[in-house]
Each structure stands twice: as structure tokens, then as C-alpha cells.
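Survey of secondary and tertiary structure
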Amino acid sequence: MPLPSAGRDAGSSRLLSGATSFPGVSRKAGSRGRLAVWLVPPLALVVAIALAVAVASGSGAGASSRRSSRPARSAVAPLVPAGTAQPSATTTTAPATTTTTLPTTTTTTAPTTTTAPATAGTTSALPPPGTGLLPQTTAVPSSATPTFHAEMVALWAGIRTGDLALAMPSFFPVTAYEQVKAYDDDRLDWSDRLVYHFGLDLAAAHAALGPGARSARLVEVAVPQDLIHWVPPGACYNKIGYWNVPGSRLVYEEGGEERSIGIASLISWRGYWYVVHLGSEVPPADEGVVDNPAVGIGPFGPPGGC
């Protein structure tokens, strides 16, 4: 509760003013008698003045003493209820950065794989019957397997004799083709376009061997590993993808001379290579094509294709 010092000081001022200035006091010359009377105030008045001065001094000192003895305020931390955690600095942890590594295509140039010449008993190594009915995989075929060897033996038998039926085990199966393509009639396209031109190209290759065709011996099949590439869905009217390798070489010996012709396109199904175009991917109408006949191993490729 505040001390009433302001009112007390005001009252004291009024008392002190009455003690030092009185009404009717005159200091003119010739008034010596009356002045003398006034200079000797009555005893009661003197005592009253002295008491008033003493009271005023005591009141001022007491108020000053009380004001000076009031303790200074200090900053006090707000109370926190028991069991309540004190507020602390908030640490914001940045979210962890997730580095997403996009898949990249690495082209590795591997040595050209070759298959050995034909030997007896290779027919049993052909892809199992019904393989084309099974779903596709992304397995990359190898040209160093007994299965590929058996397929190439069948292909060479068809070229050497001019018999399409002998070569058909090496050709892409119709059941797989129906799964791959998005034509209105995949089976008809397979028979009337692909197989038809395969037969024309086979006859052209047989004619290129000449009179000694039946004695021509397959030496090797060279597959350019660096030209293997994935053909994705949506490309080449495909519903699903497959591996493709263009321009492999059938190397054969005839009349003591080594020669070769190309296989325009091999494509994959479930880890097996199959012929899909022998002489050309885009052959002329009703005409067979021999792909790059050459002395020796001849040129691979060109890159790309379906």
C-alpha cells in the first residue's frame, strides 16, 4: 500500500508558510512600538511553531526512511508446475536427402562369341517345345550354348539343302510372336510375311552356295556382342520387349575357301536366340536376299534394328 507522503508534505507546507509569514506585519519607520510587541510573540505561539517544525521533520524523515528501505525488485523466472518440462530450444532436423540413382545403360564391348561346327546329336539341345507359350524374360541369350549350336545346325541344314522345314527350329516361334506384337492378326503376319520371306532368303542363300552347296561345311557362327541391344515395348509395334542383335555371320568352308553370309536379325525369347530376318529386315517384295556375302568372316551389323 503506498505511503501518504504527498498529502503529508502538502500539509507541512501549509504549516511552514503560516509560521514564516503573518498577515498584518508592517516594517515601516515610526512603528517601532508595535514592531517590538510583535517581535515578542506569546509563549504558546512559540511552542506551537516548534512542535510543528518537529512533526514535519519527523514525518519527512520517516517517509524517506520507509521509501529507501523498500527492497528493489528483481527479475523472477515464472514458475513451472511440477512435472512440466521446461521449454527448450527447438532443433529442426533437415529431412534426409534421398539420392535416387537413375538406371543407366552400360554398353560393354565383349569379344565376339562363336559356336563350334555342327556335330551329331545336337537336335535334342533345341529349345523345349512350348517355349513360345511361356512368358518373356529379360535374360540375355548366349551364343556359346548347346541350344544356340543346335539352332544354327538346323539353320545351316536348311540353307545347304534349300529345305525350309529343316531350318524352322531356328526361327522365332509363332506363339512367342503373338505375345510380342500388337498387329490385328499376329499369326497371319508371322506366316505370310516373316516365314514367307525367310523361305525366300533361305533359297537365295542356297543358290549363292552354288553346285557344291550340299558339301559346304559350317565352320562357326560369329555373334557381335557389342551390338546386342534391348528393343522396348512400344518400339517396332511391340507389346513387350526383347533383345536384338543385328548382322551376325555364318562362316562356312566350301571348295577349300572360307566364306560367310550374314543373319540380318536375331531376337530373344526367354534367354534363347532365334532368327527373325535372315537376308534383310525390309526385303523387296517376293525376292530373297543374301546378307553381305563375303570372303572370310565379313562385316558385322549394321547396328540397330528390330
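Overview of the structure. A quick note: this is a predicted structure, and the numbers were derived from the prediction, not measured.

**Some points on the state of the cysteines**
Should the sulfur atoms of two cysteines be covalently bonded, the bond is a disulfide. Applying the stated criterion across every chain, the model contains 1 disulfide. A sulfur-sulfur separation of 1.7 Å characterises the disulfide bridge that pairs Cys 236 with Cys 306. Disulfide Cys 236 to Cys 306: torsion about the S-S bond roughly -60°, handedness left-handed. Within this pair, whereas Cys 236 is found in the loop between β3 (229–231) and β4 (242–254), its partner Cys 306 is found in the segment after β7 (291–295), the two being separated by 70 residues in sequence. Its relative accessible area of 26% is what places Cys 306 among the partly exposed residues.

**Notes on the packing of aromatic side chains**
Using the criterion set out here, one finds 7 aromatic pairs in the structure. Here the aromatic rings of Tyr 183 and Tyr 237 are separated by 5.5 Å at their centres, their planes lie at 40°, and the arrangement is tilted. Taken together, the residues span a long stretch of sequence, with Tyr 183 in the loop between α6 (174–180) and α7 (186–209) and Tyr 237 in the loop between β3 and β4 at a distance of 54 residues. When its relative accessible area of 27% is taken as the criterion, Tyr 183 is described as partly exposed. Judged by its relative accessible area of 59%, Tyr 237 is exposed. Grouping aromatic residues by their ring pairs yields a cluster made of Phe 171, Trp 190 and Phe 198.

**Describing the environment of Val 221**
For Val 221, the location among the structural elements is in strand β2 (residues 217–223). The exposure class of Val 221 is buried, given its relative accessible area of 0%. Residues Val 221 and Val 153 lie 68 residues apart in sequence; the distance between their C-alpha atoms is 9.9 Å.

**Some thoughts on the packing of helix α4 (residues 146–161) against α7**
Two quantities define a packed helix pair, namely the angle between the helix axes and the distance between the axes. The geometry of α4 relative to α7 is characterised by a closest axis approach of 7 Å and an angle of 65° between their N-to-C directions. Note that α4 runs across α7; the crossing there is right-handed. Where α4 approaches α7, its residues Leu 155, Trp 156, Gly 158, Ile 159, Arg 160 and Thr 161 are matched on the opposing element by Phe 198, Leu 202, Ala 205, His 206 and Leu 209. When its residues are assigned to classes, the contact of α4 with α7 shows 7 nonpolar, 3 polar and 1 charged.

**Notes on the nonpolar core**
Counting 42 residues, the largest nonpolar core has Met 152, Leu 155, Ile 159, Phe 172, Leu 250, Ile 263 and Val 275 as its most contacted members. Those elements that place two or more of their residues in this core are α4, α6, α7, β2, β4, β5 (257–269) and β6 (272–277). No other element matches the 7 residues that α7 contributes to this core. Beyond its immediate stretch of four places on either side in the chain, Phe 172 contacts Tyr 177, Val 180, Trp 190, Ile 267, Ser 268, Trp 269, Tyr 274 and Val 275.

**Examining α4**
Think of an α-helix as 3.6 residues a turn; residues three or four steps apart then line up on the same face. When the terminal C-alpha atoms of α4 are compared, their 22 Å separation across 16 residues agrees well with the 22 Å that a helix rising 1.5 Å per residue should span. Of all 16 residues in α4, 12 are buried, a share of seventy percent or more. For α4, the full list of buried residues reads Thr 147, Phe 148, His 149, Ala 150, Glu 151, Met 152, Ala 154, Leu 155, Trp 156, Ala 157, Gly 158 and Ile 159. Count one or two residues on from α4 and you reach Gly 162, which has phi positive near 75°.

**Focus: the pairing of β5**
Burial analysis of β5 places 10 of its 13 residues in the buried class, which makes it a mostly covered element. Note: β4 against β5, 10 bridges, orientation antiparallel. Each bridged residue has a counterpart across the sheet, and for Val 251 the counterpart in β5 is Ser 260. Counted between consecutive antiparallel strands, the loop separating β4 from β5 contains 2 residues, among which Gly 255 sits at a positive phi close to 60°. Bridge count for β5 against β7 is 3 bridges, and the pairing is antiparallel. Note on β7: the bridge partner recorded for Arg 259 is Val 295. For β5 and β6, the ladder comprises 5 bridges, and the chain directions are antiparallel. Looking at β6, one finds that Trp 269 is bridged to Tyr 272.

**Observations concerning the environment of Leu 134**
Along the chain, Leu 134 turns up in the loop between β1 (113–115) and α4. Along the sequence, Leu 134 and Trp 269 sit 135 residues apart, while their C-alpha atoms lie 9.2 Å from each other. In this view, Leu 134 contacts Gln 179, Trp 269 and Arg 270; residues no more than four positions away in its chain are not counted.

So, how was this worked out
- Residues numbered from 1 in each chain as written.
- Predicted model: local features only at pLDDT ≥ 70, side-chain atom pairs only at ≥ 80, totals over all residues.
- Heavy atoms only, no water.
- Disulfide = S-S within 2.5 Å.
- Helix = DSSP H or I, 4+ residues; strand = E, 2+ residues; numbered from the N terminus.
- Buried < 20%, exposed > 50% of the residue type's maximum accessible area, 1.4 Å probe, protein only.
- Phe/Tyr/Trp six-rings, centres within 6.5 Å; stacked < 30°, edge-to-face > 60°.
- Axes fitted to C-alpha atoms, helices over the stretch in contact; angles between N-to-C directions.
- Left-handed = near helix turned anticlockwise from the far one by under 90°.
- Contact = heavy atoms within 4.5 Å.
- Nonpolar A, V, L, I, M, F, W, Y, C, P; charged D, E, K, R; others polar.
- Core = buried A, V, L, I, M, F, W, Y, C linked by side-chain atoms within 4.5 Å.
- Expected span 1.5 Å × (residues − 1).
- Pairing = 2+ DSSP bridges.

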